[in-house]
Amino acid sequence: MSFFRKKKLFLLLIGIIILVVLIGFSLRDRSNLTTGEQFVHDIIGLAQNIISTPVKYVTGIISNIDDAKNTYTENQILREKLAQYKALIYEVQELKGENAELREIIDKSETIRSYNPIHATVTARSPERWIEQVTINKGSLAGVEENMAVITAEGMVGKVQSVSELTSTVQLLTGFDAFNRISATISKEDDKNVFGLIEEYDAKSGSLLFRIIEESEHNVEEGELVFSSGMGGVFPAGLLIGKVKEVIPDQYGLTRTALVEPAANMYEINNVIVVERKLGKGEEQ
Amino acid sequence: MRHIILPLLLLLFVVLEGVALDILPSSLIDGNLMITPHWVLMFLILITIFYDDNNSIHSIIYALIFGLLIDIAYTGILGVYMFTYGLVIYVIHGMKKLLHSNIYSTLLFGIISIIIAELIINLIYFVIGVMNSEWLDYLMVRLIPSILANSIFLALIYPLFTKKLEKWKSYRVN
């Protein structure tokens, strides 16, 4: 009998040792997934592709019914906005044309703004709620690479965390910690742009912490839009991140932090665009 | 046939967990309630109770394999679900002869297993720093809804699979 007790204890200890080794292995700063992991990702990704289509279809119908209720009021607001946009579109076209012409003159065709879009569909979301990640149905075969930004029509949702052949996992903005910083900017007139870093997601206030580096008299106001600045060397510039909700000083009163509400809804993501920055990644990073 | 169908069903549940949060209305997820689907664990409970006898350990082996699959596919931190599911199913496997196997004892084992599993998973994530907030607060808003949701799921799959599992068990024994 005592032999069996010892055996159980022994098994438990071996289990804990394996657990620690595996966790240590996966938390290590590794650049690629192992072949085994990629294989599992691909197999499960295939099954998810098959399963998620009918599920999305059904949930789509339900949310469509919800939407139909609000259609009329929404339609009126949109009509008003459309009238404003027509003038804006004309202006943008003019500016774009002029910009392209000027670029040709100085022989510089690509900026940190330009990117190649890779369209993808979300097939699964991690059931573990502490880990905010979703799986998309495009992988390295489609050109997806690690650390690329992922956006929806509303704004940025996250970045690519790991890639296998056919699928990749995306870490959502709500899962960003202190190791995933985005250099961001608030664009203002007359060269008064405010620069800073999106440092992490604060679950309590439900917002991203935008630490303003440049100590300046430029005021950050509520409701201003925060864009990626492209200075981090990974993401292109000009991706919408969110809206300023509140500005608070830090505990020493030396810097200010803006609470930024993400522009995209993190819970209803269906179609995303993986953003491949055209200009080479910063070597100094 | 039964050699293939159990792993396939478990794989199906692993895949379904990925879309589980899409099925729920977003108002539930958006708020503070956190529901974690443990469908694989629920099915493993059925396998332990109705497919395994005292000497066979199919359910523990399945728990280790499919726990690892969940780790790879959904969290990227290997070993957490593998260790937890393996341990929980091992405990349930040892406890199951204390009670007759019917729906009430199954639900009881299901609830016990979710509590143990959530505690161990949260403890590990807390230690390695994935979860850095005051976890006791979060545990309450997460544990009780999870127990409710998963018990409902277990009650739903109970009539679907118990007869089949017992049939497969009798094939295996003979």
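None of these values were measured; they are calculated from a predicted model.

Draft legend 1. Structural detail: the overall build of chain B. The helix and strand tally for chain B stands at seven helices and zero strands. Seen in sequence order, chain B has helices and strands lined up from the N terminus as α-α-α-α-α-α-α. Across the 174 residues that make up chain B, the buried fraction comes to 45%. Considering only intrachain contacts with a sequence separation of at least 6, the fraction spanning at least 24 residues in chain B is 70%.

Draft legend 2. A look at the packing of helix H3 (residues 39–50) of chain B against helix H4 (residues 58–75) of chain B. Residue and element names in this part refer to chain B. Contact geometry of H3 with H4 gives a least axis separation of 9 Å together with a crossing angle of 170°. Classified by the interaxial angle, the pair formed by H3 and H4 is roughly antiparallel. On H4, the residues touching Val40, Leu44, Ile47 and Thr48 of H3 are His58, Ser59, Tyr62, Ala63, Phe66 and Ile70. Looking at side-chain class alone, the contact of H3 with H4 contains seven nonpolar, three polar and no charged residues.

Draft legend 3. How the structure looks around the sheet that holds strand S11 (residues 256–262) of chain A. An order of S6-S7-S8-S11-S10-S9 (chain A) is seen for the six strands of this closed barrel, with the pairing classed as antiparallel. Pairwise comparison of adjacent strand axes, ignoring direction, gives a mean angle of 45° for this sheet.

Draft legend 4. Up close: the pairing of strand S12 (residues 271–277) of chain A. Residue and element names in this part refer to chain A. When strand S1 (residues 115–125) meets S12, the two strands line up antiparallel, connected through seven bridges. Residue pairing for S12: Pro117 is matched across the bridge by Val275. The pairing of strand S3 (residues 149–151) with S12 spans three bridges and is antiparallel. Of the residues in S12, the one forming a bridge with Ala149 is Val275.

Draft legend 5. Broad picture of the sheet that holds strand S4 (residues 156–163) of chain A. Overall, antiparallel pairing links the six strands, which are arranged S1-S2-S5-S4-S3-S12 (chain A) in a closed barrel. Ignoring strand direction, the axes of neighbouring strands in this sheet form an average angle of 45°.

Draft legend 6. Spotlight on the nonpolar core. Counting residues in hydrophobic clusters, the biggest one holds 96 residues, and the most contacted among them are Val150(A), Val157(A), Val40(B) and Leu44(B). Broken down by element, this core gets its largest block of residues, eleven residues, from H3(B). Ignoring sequence-local partners within four residues, the contact set of Val40(B) consists of Leu10(B), Phe13(B), Val14(B), Glu17(B), Phe66(B) and Ile70(B).

Draft legend 7. Region of interest: the interface of chain B and chain A. Facing the 35 residues of chain B at the interface are 33 residues of chain A. For the side of chain B that touches chain A, the secondary-structure elements that each account for two or more residues are helix H1 (2–23), helix H2 (26–30), H4, helix H5 (80–95) and helix H6 (103–128) of chain B. The leading source of residues in the side of chain B that touches chain A is H1(B), at eleven residues. For the side of chain B that touches chain A, the class distribution of residues is 24 nonpolar, eight polar and three charged.

Draft legend 8. Quick look at the environment of Pro127(A). By secondary structure assignment, the location of Pro127(A) is in the loop between S1 and strand S2 (133–136). You can call Pro127(A) buried: it has 23 C-beta atoms within 10 Å. With near-sequence residues (within four places) excluded, Pro127(A) lies in contact with Glu17(B), Gly18(B), Ala20(B), Leu21(B), Thr36(B), Pro37(B) and Tyr74(B).

Draft legend 9. Structural detail: unusual backbone geometry. With phi around 70°, Asn147(A) is a residue other than glycine that occupies positive phi space. Overall, the presence of 17 C-beta atoms within 10 Å leaves Asn147(A) in the partly exposed class.

Draft legend 10. Focus on H5(B). Under the 1.5 Å per step criterion, the end-to-end length of H5(B) is 23 Å for 16 residues, consistent within 8% with the ideal 22 Å. A large share of H5(B) lies buried, amounting to 13 of its 16 residues.

Draft legend 11. Structural detail: the pairing of S4(A). All names here are of chain A. Burial analysis of S4 places seven of its eight residues in the buried class, which makes it a mostly covered element. Between the antiparallel neighbours S3 and S4 lie four residues, among them Gly155 with a positive phi of about 160°. Relative to strand S5 (residues 168–172), S4 is paired through five bridges, and the arrangement is antiparallel. By the bridge assignment for S5, Gly158 is matched with Leu172.

Draft legend 12. Up close: the packing of H4(B) against H5(B). All names here are of chain B. As a packed pair, H4 and H5 sit with axes 7 Å apart at the nearest point and diverge in direction by 155°. When the axis of H4 is compared with that of H5, the two are roughly antiparallel. Crossing geometry of H4 relative to H5 is assigned as right-handed. Contact with H4, carried on its side by Ser59, Ile60, Ala63, Leu64, Gly67, Leu68, Ile70, Asp71 and Thr75, involves Val80, Tyr81, Met82, Thr84, Tyr85, Gly86, Ile89, Tyr90 and His93 of H5 and no other residues of that element. Across the contact of H4 with H5, the residue classes tally to eleven nonpolar, six polar and one charged.

Draft legend 13. Up close: the UniProt feature "transmembrane region" (unreviewed entry) in chain B. Residue and element names in this part refer to chain B. Within this structure's numbering, the places UniProt gives as "transmembrane region" (unreviewed entry) are residues 31–51, 60–83, 103–127 and 139–161. Regarding residues 60–83, the helix share stands at 83% and the strand share at 0%, and the terminal C-alpha atoms are separated by 10 Å. A distance of 36 Å separates the end C-alpha atoms of residues 103–127, which is 100% helix and 0% strand.

Draft legend 14. Local environment of the confidence of the model for chain B. Here chain B averages 84 in pLDDT, and 88% of its residues register 70 or above. Here the predicted complex scores 0.80 on pTM and 0.76 on ipTM.

Calculation criteria
- Residues numbered from 1 in each chain as written.
- Chains lettered and ligands numbered in written order.
- Predicted model: local features only at pLDDT ≥ 70, side-chain atom pairs only at ≥ 80, totals over all residues.
- Helix = DSSP H or I, 4+ residues; strand = E, 2+ residues; numbered from the N terminus.
- Buried ≥ 20, exposed ≤ 12 C-beta atoms within 10 Å, placed from the backbone.
- Contact = placed C-beta atoms within 7 Å.
- Axes fitted to C-alpha atoms, helices over the stretch in contact; angles between N-to-C directions.
- Parallel < 35°, antiparallel > 145°, perpendicular 65-115°, else oblique.
- Nonpolar A, V, L, I, M, F, W, Y, C, P; charged D, E, K, R; others polar.
- Pairing = 2+ DSSP bridges.
- Core = buried A, V, L, I, M, F, W, Y, C linked by C-beta atoms within 7 Å.
- Expected span 1.5 Å × (residues − 1).
- Left-handed = near helix turned anticlockwise from the far one by under 90°.
- UniProt positions renumbered as here; feature names shortened; annotations may be inferred.
- pLDDT = per-residue confidence, 0-100.

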